[in-house]
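A closer look at the structure
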Amino acid sequence: MSASEEVWVLGINMTKFGKYPDLDAVDLAANAVIAALADGGVTMKDIGVVAAGNLLGNGAASGQNVLKQVGQTGVPIYNVSNACATGATAIRTVVMAIRAGEVDMGLAVGVEKLSGVGLLGPGGQGNKDAGWEPKGRYGAVGGIDGRLGTQAMPGVFAQVGMEYLHTYGQTDVSVFARISEKNHSHSTLNPLAAYNKAMTYDQIINDVMISYPNTRPMCSANCDGAAAAVLVSGSKLKTMSLEQRRRAVKISASVLTSDPYQEACQVLPDVNTLTRNAAKIAYEQSGVGPADLDLVELHDCFATAELVHYDNLGLCAPGEAVSFFESGAPWRDGKTPVNVSGGLQSKGHPISATGIANVWEICHHLRGEAGPRQIEGAKVGLAHVIGLGSACGVHVLEKSSV
Amino acid sequence: MTNNSTATQIPFVGYLELNDGEPHLVAHECRSCGARFFDRRNLCANCSGAEFKSVAVATHGTLRSFSIVAFAGPGVEVPFVAALVDCDGTTVRGNLINCDPTPDAVHLGMAVRLATYSLGADSNGVEAINYGFEPDLGKETR
Ligand SMILES: [Zn+2]
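Keep in mind that this is a model prediction, so the values were computed, not measured.

Attention now moves to the environment of B:N46. You can see B:N46 is positioned in the loop between strand 4 (36-37) and strand 5 (52-57). Take B:N46: its relative accessible area is 40%, and that puts it in the partly exposed class. For the pair B:N46 and B:P101, spaced 55 residues apart in sequence, the C-alpha to C-alpha distance is 35 Å. The residues contacting B:N46, other than those within four sequence positions of it, are A:Y261, B:C33, B:A35 and B:F37.

Right, here's the structure in full:
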């Protein structure tokens, strides 16, 4: 093996996203792992390394606790944490181990129990009766959320989308709700989505306002879910069965970036530059260009985020994201279908599972196994996630030529 | 600002200057590359420079982005307008105040200016003063 070793997805699975009152995070992760191993035709004994993500479980669903249920083989486990890019980071970790030649097969798993969890974000404004006392890096005498703008995700990402409109001299916010309409419509074909209900533009804008312009259906859906992937080296794959080689999906690019300094990036998180950087590297690594993509799963944690990533991923010319959407391109029958799974707004967003579930969705189409929502003839796809703070994962995936 | 205000007022954040002329924000500016920061620094995030000077930030600016926050964590009063303001090249976050928190009243690109308000006094009688941005009607072009 060499540093240029190819890495393939051999087996992959996501649980249905939704509510699992009777299963804990370890159960969900174990279910995804068992199914991913079976999908690849291998067992835990074949796995040389594990990368596991679970942000909100306080270690409850560590890789070790998952392996205690599916096979304690003693292999190294990397418990990874990278906000909403945690699942992609787990995949990236296994890719690096295989490329480094340390192992020829590895497992990435991500799981979250989020259903019923409310708004994720800070709260509290301090207690003035105890005396105003400067604290922290800003020397603030109380909690800053709500007093110096917002730190909660719906408002942060609302500002990301509004800033895009401002930069390109646009004022019509209706595009955001229409993006959400698309994703909710797409989800009606995805039996694994948390929500399968089409919503009209009027239903979306008249739903509960969370953080203008994002109403509730324009925000990612909190839900439970897990996803797992078995990755294999190209040389190991060559020794495997025709069926395994036929269904394997090539990882043509695996990229993780963090946010480089930009003016204002410590005032409002910059989710643009690191995505643009990741996309540029991914297109170079894979030799694939945006025009070659048959489908894209991108990080629509809010409707306002999806718009900017059309541009960041180069799916449209700079500044043209609104007209790209208006052309119909990102609908499932359009030029570049985006989030045919329903996206985070309707499929759901169990944080650490998301970056693996996006890859699963692409693989499902490249294998020709997506049933009624199959993008016909799909050969190349791209999966993108953003973790605020920030981290960006981009994977370019290609159908096997076997 | 009168002398006795210094004894009874405290800025809500360390980078709000209340006692040197009109209230304004003070940034740490990297002496090597000019990048500006509002928090306590170790090194410059742009160039890893170690030396900073204090600079006054323009008190007038334009609204670069906003969200009208209707849902927030416990103890946070809603609705409020979270704003990103371009103050002559330095971007600042804060709330838009003295303005209806409605889409009809808030416009991308609108002219705004720094304003201060009281968050109340603690049991020692010390009043915390915060900043926000308010519509700059003299400059409003819409
Ligand atoms: Zn510098």
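We now examine helix 3 (residues 86-99) of chain A. Side chains of residues three or four places apart in an α-helix project in the same direction, reflecting 3.6 residues per turn. Residues and elements named next belong to chain A. Taking 1.5 Å per residue as the helical rise, helix 3 with its 14 residues ought to reach 20 Å, and the 20 Å between its terminal C-alpha atoms agrees with that figure. Across the 14 residues of helix 3, 12 count as buried, placing the element largely inside the fold. Among all positions of helix 3, only T86, G87, A88, T89, A90, I91, R92, T93, V94, V95, A97 and I98 are buried. Backbone geometry just downstream of helix 3 places G101 in the positive-phi region, at approximately 80°.

Residue and element names in this part refer to chain A. An ideal rise of 1.5 Å per residue puts 22 Å on 16 residues; helix 13 (residues 351-366) measures up with 24 Å between its terminal C-alpha atoms. The sharpest bend along helix 13 reaches about 25° and sits at A357. For helix 13, a buried count of 16 out of 16 residues is recorded, marking the element as mostly surrounded by other parts of the structure.

Turning our attention to the packing of helix 4 (residues 153-167) of chain A against helix 10 (residues 303-312) of chain A. All names here are of chain A. The geometry of helix 4 relative to helix 10 is characterised by a closest axis approach of 7 Å and an angle of 50° between their N-to-C directions. One finds that helix 4 runs oblique with respect to helix 10. Considering the relative orientation of helix 4 and helix 10, their crossing is left-handed. Counting all contacts with helix 4, which are made through F157, A158, V160, G161, Y164 and L165, the residues of helix 10 involved are T304, A305, L307, V308 and D311. Class assignment for the residues of the contact of helix 4 with helix 10 results in eight nonpolar, two polar and one charged.

Another aspect to go through is the side chain of A:T354. Residue and element names in this part refer to chain A. The residue T354 is located in helix 13 in this model. You can call T354 buried: its relative accessible area is 1%. Only 2.6 Å separates the side chain of T354 from the side chain of H349, close enough to count as a polar contact. Excluding its chain neighbours within four sequence positions, the residues that come into contact with T354 are H299, L344, H349 and V385.

Structurally, the position occupied by A:P21 is in the loop between strand 1 (7-14) and helix 1 (25-40). Considering only alpha carbons, one finds A:P21 and A:Y261, 240 residues apart in sequence, at a separation of 42 Å.

Note the cis peptide between A:Y212 and A:P213, where omega equals 5°. Residue position: A:P213 is located in the loop between strand 5 (209-212) and strand 6 (214-215). The omega angle of the peptide bond from B:V78 to B:P79 is -5°, so this bond is cis rather than trans. Inspection of the secondary structure puts B:P79 in the loop between strand 6 (60-69) and strand 7 (80-87). One non-glycine residue, A:A264, lies in the positive phi region at around 80°. With respect to the secondary-structure elements, A:A264 resides in the loop between strand 8 (249-258) and helix 9 (273-286). The buried category is assigned to A:A264, whose relative accessible area is 9%. One non-glycine residue, A:N339, lies in positive phi territory at about 60°. When you line up the elements, A:N339 lands in the loop between helix 11 (321-326) and helix 12 (343-346).

The rules behind these values
Residues numbered from 1 in each chain as written. Chains lettered and ligands numbered in written order. Predicted model: local features only at pLDDT ≥ 70, side-chain atom pairs only at ≥ 80, totals over all residues. Heavy atoms only, no water. Helix = DSSP H or I, 4+ residues; strand = E, 2+ residues; numbered from the N terminus. Buried < 20%, exposed > 50% of the residue type's maximum accessible area, 1.4 Å probe, protein only. Contact = heavy atoms within 4.5 Å. Expected span 1.5 Å × (residues − 1). Bend = angle between axes of the 7 residues up to and from the residue. Axes fitted to C-alpha atoms, helices over the stretch in contact; angles between N-to-C directions. Parallel < 35°, antiparallel > 145°, perpendicular 65-115°, else oblique. Left-handed = near helix turned anticlockwise from the far one by under 90°. Nonpolar A, V, L, I, M, F, W, Y, C, P; charged D, E, K, R; others polar. Polar contact = N/O pair within 3.5 Å; in protein donor to acceptor, adjacent residues only side chain to side chain.

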